[in-house]
Amino acid sequence: MKQRYVMGLVALLIGMSLNHLGDRLLGVKLELFSGLATFSFAWALDVFFVPFLVGLVVAWIFGMGAKWLCYFPPLIVRCLSYAEILYLSGTPHGSNLNPLGWWGFFVILAMESAGIGGIVGEVMIKNVYGRSNKIMPADREQSVATRES
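As a starting point, this report considers the structure included with it. (Residues numbered from 1 in each chain as written. Predicted model: local features only at pLDDT ≥ 70, side-chain atom pairs only at ≥ 80, totals over all residues. Heavy atoms only, no water.)

### Digging into the overall build of the protein chain
For clarity, the threshold we go by: Helix and strand labels come from DSSP, where a helix needs a run of H or I of at least four residues and a strand needs a run of E of at least two; each type is numbered from the N terminus. Whether two residues are in contact is decided by their heavy atoms, any of which lying within 4.5 Å being enough. Note on areas: Shrake-Rupley, 1.4 Å probe, and residue coverage restricted to the protein chains presented here.
The helix and strand inventory of the protein chain stands at seven helices and two strands. Order of helices (α) and strands (β) in the protein chain, N terminus to C terminus: α-β-α-α-α-β-α-α-α. Taking the contacts inside the protein chain whose residues are at least 6 apart along the sequence as the reference set, 76% of them involve residues at least 24 apart. Surface exposure of the protein chain reaches about 9200 Å², of which carbon and sulfur atoms provide 69%.

So this is what it looks like as structure tokens:
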């Protein structure tokens, strides 16, 4: 197996573990709705800050291309957590399981936060963004003024 695939798998698993650990430390279940008390500071941290950190960690481990890979840990963790509540543990008293539409919206928010973390991680940690100079044709390395004269 290529080392790139192994590093991707390792980054994915560590990102999923970090996301799950953040969920458990904050004590928040995004899949459950308990009225307006659901939307607390811990809930906001779990939707925005924890996935951002996951994106940073995935970018630190994987390097170039992490801005694409970092979307998957929050998606996988959220799907597994929703399935756990739906099929195994059930909803606690006083809570309802979010409908798939609302749950999907919260998942998209978490995935976008992880994407921002992945982009920031690529830019800040690896000092790269976009294409590297190695794969650019020689004529694209020149400035426009130099080519036209």
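Having seen it, we continue.
### A look at the packing of helix α1 (residues 3-26) against helix α4 (residues 72-89)
Counted only if it meets this: Here an axis means a line fitted to C-alpha atoms, over the contact stretch when the element is a helix, while the angle between two N-to-C directions is reported on a 0 to 180 degree scale. Working rule for angles: under 35 degrees goes down as roughly parallel, over 145 as roughly antiparallel, 65 to 115 as roughly perpendicular, anything else as oblique. The hand of a helix crossing depends on one turn: near helix anticlockwise from the far one by less than a right angle means left-handed, and clockwise means right-handed.
The geometry of α1 relative to α4 is characterised by a closest axis approach of 8 Å and an angle of 50° between their N-to-C directions. The orientation of α1 with respect to α4, classified from their angle, is oblique. Crossing angle aside, the handedness with which α1 passes α4 is right-handed. Along its contact with α1, which presents Leu12, Gly15, Met16, Asn19, His20, Asp23 and Arg24, the element α4 presents Phe72, Pro73, Pro74, Ile76, Val77, Arg78, Ser81 and Glu84.

### Details of the packing of aromatic side chains
When we look at a pair of aromatic rings, we describe it by the centre distance and by the angle of the planes. Counted only if it meets this: Aromatic contacts are taken between Phe, Tyr and Trp rings whose centres are within 6.5 Å, Trp giving its six-membered ring; a plane angle under 30 degrees counts as stacked, one over 60 as edge-to-face, and the others as tilted. The buried label goes to any residue with under 20% of its type's maximum accessible area, the exposed label to any with over 50%, and the partly exposed label to all in between, with areas taken from a 1.4 Å probe on protein chains only.
The tally for this structure, following the rule as stated, stands at eight aromatic pairs. With a centroid separation of 5.8 Å and an interplanar angle of 55°, the aromatic rings of Phe105 and Phe106 are classed as tilted. A relative accessible area of 41% places Phe105 in the partly exposed class. Through pairs of rings, three or more aromatic residues link up here, namely Phe33, Phe39, Trp43, Trp102, Phe105 and Phe106.

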